[in-house]
Amino acid sequence: MSNDIKSINEFDIELICDYYSLVERQGPGSPEITQKAISFIDNLNKNSQIVDLGCGTGGQTMVLAKNTQGYIRGYDIFPKFINLFNENAKKENLHDRVKGLIGSMDDLPFREEELDLIWSEGAIYNIGFERGLKEWRKYLKKGGFVAVSEASWFTNERPKEIEQFWLAEYPGIDTIPNKVIQMQNAGYIPVASFVLPENCWTDNFYKPQVKAQEIYLKAHKENTAAEDFIANQRHEESLYRKYKDYYGYVFYIGKKI
Ligand code: SAH
């Protein structure tokens, strides 16, 4: 294993995908927080068209499905995640109204004003918060909602180590008021924003990774890239524990006007 911690952006995507297939969630969150975000959405009925962009294996999508009416399509670029998503929908007996599809959030197949709700937990960073909000808006009906969770700074200033880490990983990270302004400028009423509690990271994101890391390292013996990747994940977790007062995930909910 090399001593230098590499940025997540340096790893082979298949390697990352293999690893995250081993855990139920691919980002910080919880069923309670998904339900809390749903509580701000008031336009849904049994005919509603809902999409979950960057759905991963569908941990949050199944919670969304159990707490809403209507049809849900989950999109992700990784076929492996979509296979697991559809298996999960079947297991939960939700497959008649929840479907996983392969597709990219920057090249979506929807008609204008087709959708009632666009969901995206811990995934909009793949095209950027502002760009995603602007580009997706046209697919929503007037009065439709967007609900996304996104990495955000909690304070105006922060220690250099964590600032540099995030600037390398995701320079789009910004403070909560700045993200809210971006949402408003993109053409939405910023209906709500709230910080995800710590257990969304510790219990639901990092804890399940301990076992996954063991399995993964066993399956990729003497694979330096895999070892470096696990070192990267462990480093990220140690930074979270050290600097969690300065950043975290925030849910932003907007209504199209
Ligand atoms: N929403 C899930 C997964 C978050 S991880 C959860 O909260 O657990 C980010 C997800 O975005 C991954 O599943 C990744 O495969 C997906 N992704 C990355 N780039 C994408 C793109 N261009 N279009 C759609 N999904 C993408």
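This write-up is about the structure you can find in this document. It should be emphasised that the depicted structure is a prediction, and the values quoted were computed from it without experimental measurement. The residue count restarts for each chain, going from 1 along the sequence in the order it is written. Totals for whole chains, interfaces and linings use every residue, but because this is a predicted model, local features are given only for residues with pLDDT of at least 70 and side-chain atom pairs only at 80 or more, for both listing and counting. To obtain the side-chain values, all non-hydrogen atoms of the structure were used and water was disregarded.

Time to look at the environment of tyrosine 19. Summarising the element assignment, tyrosine 19 is placed in helix 1 (residues 13-20). Exposure is judged per residue with a 1.4 Å probe applied to protein chains only, and the accessible area is read against the type maximum: over 50% gives exposed, under 20% gives buried, and values in between give partly exposed. Judged by its relative accessible area of 0%, tyrosine 19 falls in the buried class. For the pair tyrosine 19 and isoleucine 230, spaced 211 residues apart in sequence, the C-alpha to C-alpha distance is 9.1 Å. Excluding residues within four positions of it along the chain, tyrosine 19 makes contact with Gln209, Ala212, Gln213, Tyr216, Phe229, Ile230 and Gln233. Each helix is a run of DSSP H or I of at least 4 residues and each strand a run of E of at least 2, with the numbering of both proceeding from the N terminus. The contact criterion used is simple: two residues touch if any of their non-hydrogen atoms lie within 4.5 Å.

With that out of the way, let us pick up the pairing of strand 4 (residues 115-121). Among the seven residues that make up strand 4, seven are buried, leaving the element largely enclosed by the rest of the structure. Strands are treated as partners if at least two bridges between them are detected by DSSP. The sheet contact formed by strand 1 (residues 49-53) and strand 4 spans three bridges and is parallel. Counted as the bridge partner of valine 51 is isoleucine 118 from strand 4. As paired strands, strand 4 and strand 5 (residues 140-153) are joined by six bridges and run parallel to one another. Residue pairing in the sheet places isoleucine 118 in a bridge with valine 146 of strand 5. Here the term right-handed applies to a crossover when the path leading from its first strand over the helix to its second strand runs clockwise, the strands being oriented away from the viewer. Read as a crossover between parallel neighbours, the route from strand 4 over helix 5 (residues 129-136) to strand 5 is right-handed.

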